[in-house]
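The lines below spell out each chain.
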Amino acid sequence: MNINALQDMLGQSKYTVAFTGAGISAESGVPTYRGAGGMWNVYDPDKYANIDYFYQDPSYYWQFFRDVRYPSLHQAQPNTAHNALVSLERLSLLHTVITQNIDGFHQTAGSQKVLELHGSTRVYTCMQCKEQFSMHQVFEFLESKLPPTCPKCQGLIRPGTVMFGEALPMQVLHKAEEAALQADLFMCIGSSLVVQPAASFPVVAKQSGAWLVIVNKDPTPLDDMADLVFHQSASEVLVPLVQAKDMSQ
Ligand code: APR
């Protein structure tokens with residue numbers, strides 16, 4: 001029933017935004033941060049994902065990368081929920097994806113307009129000479145040296161992700177805010193909606209008149225302000241939504 005309501009909103013909306021979090025990649029086998037099986041239940045983010053701690057002792061971050069991040073990401077692929085968002089974009093029913101995810105799956109699946117709030121695991125940079133490396137290259141460096149260093153200048157390498165304690169990329173933030181303000185329909189998919197400033201965008205969208213829809217397995221602090229809430233997996237909602245839209249085209 002709720003899918004029908006969401007389908008109606010999608011049909012009426014002139015500007016629709018999907019705002020995604022780790023939950024949309026859970027069905028690709030990538031663990032979330034919070035909730036059941038969440039990485040932060042085991043690894044303290046203040047140690048493993050904090051910029052001050054990284055400067056103090058980068059080995060923690062790189063150990064986490066070697067033991068958790070790389071094994072979960074290097075062979076994982078986008079799933080049917082990512083594909084559903086691609087289909088909606090191709091049907092001109094989805095205009096922007098704002099993601100907190102760093103796995104690059106939206107782009108791999110084929111989404112064209114993606115704003116990555118928290119950076120990406122695809123690029124690593126030497127902090128000294130600015131040489132860039134891929135995830136796989138850095139993993140290879142790590143096999144012989146922890147923390148890994150630049151083969152050219154021995155400088156420290158850092159990930160292209162935004163750590164706790166760092167500012168989000170200004171231009172991306174600005175574009176995300178514009179999209180939130182413009183949205184008629186703002187769909188949050190697979191996010192606990194507790195990390196700021198990202199979690200402020202659904203509020204901005206709702207306050208400027210958008211329908212707010214939340215698709216997340218666990219309850220979120222914004223459920224009460226949402227127009228529709230699905231406590232289901234991303235694919236359980238997005239796949240039937242696209243099928244229904246395909247049939248009505
Ligand atoms: N479909 C939909 N939701 C799911 C699924 C699924 N298949 N599996 C899990 N979830 C939900 C969980 O219930 C959880 O509430 O996804 C949510 C994921 O929440 P988080 O792990 O907190 O992920 P996210 O909101 O993206 O985290 C925000 O925190 O540490 C950081 O920088 C990291 O970008 C990340 C930010």
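Structural data are supplied above this passage.
Since we're looking at a predicted model, the values are computed, not measured.

A. The arrangement of the packing of helix α5 (residues 59–73) against helix α8 (residues 135–144) in detail. Where α5 meets α8, the axes come as close as 11 Å, and the angle between the chain directions of the two elements is 135°. As summarised for this structure, α5 and α8 are arranged oblique, according to the angle between their axes. Considering only the axes of α5 and α8, their crossing is left-handed. Across the interface between the two elements, W62, F65, R66, Y70 and L73 of α5 pack against M135, H136, V138, F139 and L142 of α8. Each residue belonging to the contact of α5 with α8 can be placed in one class, and the counts come to eight nonpolar, one polar and one charged.

B. Highlighting the sheet that holds strand β1 (residues 16–20). In space, the six strands of this open sheet follow the order β3-β2-β1-β7-β8-β9, with parallel pairing throughout. Where the open sheet ends on each side, the last strands, each with one partner, are β3 (114–116) and β9 (228–230). Each adjacent strand pair in this sheet contributes to an overall mean axis angle of 15°, direction not counted. Note that β1 and strand β7 (residues 185–189) share five bridges and pair parallel. Paired with V17 across the bridge in β7 is F186. Set on the sheet, helix α1 (residues 2–12) makes contact with β1, β7, β8 (211–215) and β9; between it and β9 the angle comes to about 130°. Running over the sheet, helix α10 (residues 200–207) touches β1, β7 and β8 and is turned about 155° from β7.

C. Examining the site of the ligand more closely. Surveying the vicinity of the ligand reveals 22 residues, the closest of which are R34, W40, S191, S192 and D218. Taking H118, its side chain carries an N or O atom lying 2.8 Å from an oxygen atom of the ligand. One of the side-chain nitrogen or oxygen atoms of N216 is found 2.9 Å away from an oxygen atom of the ligand. Here the ligand has 730 Å² of accessible area as a free molecule, and 94% of this is covered by the chains. Of the residues in the shell around the ligand, the class split is seven nonpolar, eleven polar and four charged.

D. Main features of the side chain of T220. Position of T220 relative to the elements: it lies in the loop between β8 and β9. The residues contacting T220, other than those within four sequence positions of it, are S191, S192, L193 and I214.

What counts, and at which threshold
- Numbers given for residues are sequential positions, taken from 1 along each chain in its written order.
- Local features in this predicted model are restricted to residues of pLDDT 70 or higher, and side-chain atom pairs are both shown and tallied only at a pLDDT of 80 or more, whereas totals for entire chains, interfaces and linings draw on every residue.
- Water and hydrogen atoms play no part in the side-chain values, which are based on all heavy atoms of the structure.
- A fitted line through C-alpha atoms serves as each axis, taken over the contacting stretch for helices, and the angle formed by two N-to-C directions is quoted from 0 to 180°.
- Secondary structure counts use DSSP, requiring at least four H or I residues in a row for a helix and at least two E residues in a row for a strand, with both numbered from the N terminus.
- An angle counts as roughly parallel when it lies under 35 degrees, as roughly antiparallel when it exceeds 145, as roughly perpendicular when it falls between 65 and 115, and as oblique in every other case.
- By convention the crossing between two helices is left-handed if the near helix lies anticlockwise of the far one by an angle smaller than a right angle, and right-handed if it lies clockwise.
- Contact between two residues is taken to exist if any of their heavy atoms lie within 4.5 Å; hydrogens are not considered.
- In the scheme used here, Gly and all other residues not listed as nonpolar or charged are polar, with Ala, Val, Leu, Ile, Met, Phe, Trp, Tyr, Cys and Pro taken as nonpolar and Asp, Glu, Lys and Arg as charged.
- Pairing between strands requires that DSSP locate at least two bridges from one strand to the other.
- Think of it this way: one heavy atom of a residue within 4 Å of a molecule or strand is enough to make that residue near it.
- Definition of a polar contact: a pair of N or O atoms within 3.5 Å, with one able to donate and the other able to accept a hydrogen when the atoms are protein atoms, and with sequence-neighbouring residues admitted only if both atoms are side-chain atoms.
- Only the protein chains shown count as cover for residues, with accessible areas throughout obtained via the Shrake-Rupley method and a probe of 1.4 Å.

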